[in-house]
Amino acid sequence: MRRTAAENSASQSRMGRRALLLGGAQLGFMGLLGLRMRYLQVDQADEFRLLAEENRINVRLIPPARGEIYDRNGVIIAANEPSYRITMVREDAGNVEEVIGRLSTLIELDDTALNRAMTEMKRSPPFLPVTIAERISWEEMSRVAVNAPALPGVTPEVGLSRLYPHGADFAHVVGYVGPVSDYDLSKIEDPDQLLLIPRFQIGKVGMEAKRESKLRGKAGTKRVEVNAAGRVMRELDRREGQAGDDLQITVDQKLQTYVQARLGDESAAAVVMDCKTGEILAINSAPTFDPNLFVRGISVADYSELTENDHRPLATKSVQGTYPPGSTFKMIVALAALKEGIVDSKSTHYCSGKLKVSNRDFHCWKRGGHGHMNLETALRESCDVYFYELALEVGIEKITEMANRLGLGVKHGIPMSAVASGLTPTKAWKERNRDASWVVGDTVNASIGQGFVLTSPLQLAVMTARLASGKALEPLLVKSIDGIDQTVPAEDIPDLDINPNHLRMVRQAMFAVSNHRKGTAYSQRIIKDEVRLAGKTGTSQVRNITAAERRAGVIRNEDLPWERRDHGLFVNFAPYNDPKIAVAVIVEHGGGSKAATPIARDITLQALYNGDPPLDAYPSKDRNRIRSQQERLRREYPGLRDSENDRA
């Protein structure tokens, strides 16, 4: 059937509309495609260019130089030294085992270090460099560099590692650094990216740890071009980081070395403090250890030797150790009694050798008693019964209040590890911590620095410096940070708020301890008038003496095993007429104050003369022994050999 003209026209019209719609759709699609191409090629060009660049460009962190630590005179005590090492980036290496196999033919790889590196590599992001070998020689470094094309992902580097040039002398003050551990990271909420670099060194103990944020610095970055095998072809640009702040501490290196040498093999501690400013001039614990061993990775044998030593060389006894202060606490009781008006310079108590309290006999160290004692003679001869009676009248609350004022029972904020608060007890403390009521015998024990009372050598040095100066001195260990002074002017240090006459009475009694023939430290006196010291002996009981032992005459400390002997203490300041330094010494299980007193005297003279003192400062009976001692110490400790030329 033939179509009519009208039908043909309608059909053509429909086809035209379809063609128009199809053409429009095609044009719309082409337009969208064009817009997408423009978006990708123009708008997103920088992003895709960066993605392409990252296929051949790596951005790496540059560890900053760690801040160095100096003594008060500018002597470096924690330095950075160049260290050659080999690192590997896992994603660049490809077959890690194969590359390490090739590397092992060039240099000797330590199995322990290699296993540790493999573990770090597996748990670290693939783009982070992991140290395979460190502290290698220049020859080994050169062999690796020459064979670089066959070692993808392996890079020989020159880095910095910590060095402690004075070894053990500052181990307990400065501490040491070591690789970041999972434990370290667990303590930090938002760790610095530097800390994620395997084997990155951070402070572990001591000032290195306490001032980590200041010493670490801020990382830099570098962009390097690598080939398809991951080999670094060239460095494109670098942004240097910010080195850590340098610290200057108040400690004097030569005095610190001398004190460490003088303590020798004893289990002991000593603190020397400036009576004008509170600056710590020396702070030592003995025995000590070499912190460089920890930086390089201490062996199991070396670590076991330290931990199994009964003298505890890893313990920072100067601030961490707490001990009954013994008779060095008697100045506290005396000042509390003076403040309350219970005694004056003429008041006396009679010592028969013991005092009965609540059906128990509390004995004086002198079995036959001292007779009539006033404040000065009781301190001079360290009469226990006098202070028993004084304490019973004053009460523990007033005694503890005075102890706190003089720096005992207070945590002093110096940047060292495990600084102890000590303990100055009260009735409420015993109820809270021992679930028991305070009894009168507790007060009697506290009066002679026994019972619950515990102090650290640092606290005893603070107490002595405050007694000597009448100022509320705070111990200071950091002298400057990056050149910014941290000290407090002497005129800005507040008064102690203790009656000056009371302080003068106690100082006079301490002078008599060392300079009166009946004084408990007279045999260890200084005879030069301009440097005479004032001090106080102390014996801290490690065990209770039984009634049977007393009837038998009391077993001598020398006859007991070392760990059962009494501790020996001595505190002093000098010169008496113009106090410049305060010293506190404790010798663990030394058998009494006789172990600590000669050490404290020698340290005092060494500090005052800035080197070996003249022999005529000592009583004539001691001079030959002191001469031999000075020669031996200079021979065994090279840092002391020129000390005789450094006298102020």
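A short tour of the structure in this document, coming up. Remember, it's a predicted structure, so these values are computed and weren't measured experimentally.

The next thing to look at is the overall build of the protein. Each helix and strand counted, the protein has 24 helices and 21 strands in total. A fraction of 73% describes how many contacts in the protein between residues 6 or more apart in sequence connect residues 24 or more apart. Accessible surface computed for the protein: about 30900 Å², of which carbon and sulfur atoms make up 50%.

Running from N to C, helix H11 (residues 253-263) and helix H23 (residues 597-609) cross one another at 160°; their axes reach a closest spacing of 10 Å. Judged by the angle between their axes, H11 and H23 are roughly antiparallel. Crossing handedness for the pair H11 and H23: right-handed. Contacts between H11 and H23 pair Leu 255, Tyr 258, Val 259, Arg 262 and Leu 263 from the former with Pro 598, Ile 599, Asp 602, Ile 603, Gln 606 and Ala 607 from the latter. Classifying every residue of the contact of H11 with H23 gives 8 nonpolar, 1 polar and 2 charged.

A few words now on a nonpolar patch on the surface. Side chains of Phe 29, Met 30, Leu 33 and Met 37 sit close together on the surface and give an oily, nonpolar patch of about 410 Å² of accessible area. Structurally, the position occupied by Met 37 is in helix H1 (residues 5-43). Using a relative accessible area of 41% as the deciding quantity, one classes Met 37 as partly exposed.

Turning our attention to the side chain of Asp 184. Counting through the fold element by element, Asp 184 comes out in helix H8 (residues 182-186). Asp 184 sits in the buried class, given a relative accessible area of 10%. Reaching out from Asp 184, the side chain makes a polar contact with the side chain of Lys 204 at a distance of 2.5 Å. Contacts of Asp 184, omitting those with residues within four sequence positions, involve Pro 179, Ile 202 and Lys 204.

So, about the packing of helix H14 (residues 330-339) against helix H16 (residues 384-394). Helix packing for two helices is described by the angle between their axes and how far apart those axes are. The geometry of H14 relative to H16 is characterised by a closest axis approach of 10 Å and an angle of 45° between their N-to-C directions. With respect to H16, the axis of H14 lies oblique. As H14 runs across H16, the sense of the crossing is left-handed. Contacts between H14 and H16 involve Lys 330, Val 333, Ala 334, Ala 336 and Ala 337 from the former and Asp 384, Phe 387, Leu 390, Ala 391 and Val 394 from the latter. For the contact of H14 with H16, the residue count by class is 8 nonpolar, no polar and 2 charged.

Calculation notes
Residues numbered from 1 in each chain as written. Predicted model: local features only at pLDDT ≥ 70, side-chain atom pairs only at ≥ 80, totals over all residues. Heavy atoms only, no water. Helix = DSSP H or I, 4+ residues; strand = E, 2+ residues; numbered from the N terminus. Contact = heavy atoms within 4.5 Å. Areas by Shrake-Rupley, 256 points an atom, 1.4 Å probe, with all protein chains shown as cover. Axes fitted to C-alpha atoms, helices over the stretch in contact; angles between N-to-C directions. Parallel < 35°, antiparallel > 145°, perpendicular 65-115°, else oblique. Left-handed = near helix turned anticlockwise from the far one by under 90°. Nonpolar A, V, L, I, M, F, W, Y, C, P; charged D, E, K, R; others polar. Patch = residues over 30% accessible without salt bridge, like charges linked within 9 Å, V, L, I, M, F, W, Y side chains within 5 Å. Salt bridge = Lys/Arg side-chain N within 4 Å of Asp/Glu carboxyl O. Buried < 20%, exposed > 50% of the residue type's maximum accessible area, 1.4 Å probe, protein only. Polar contact = N/O pair within 3.5 Å; in protein donor to acceptor, adjacent residues only side chain to side chain.

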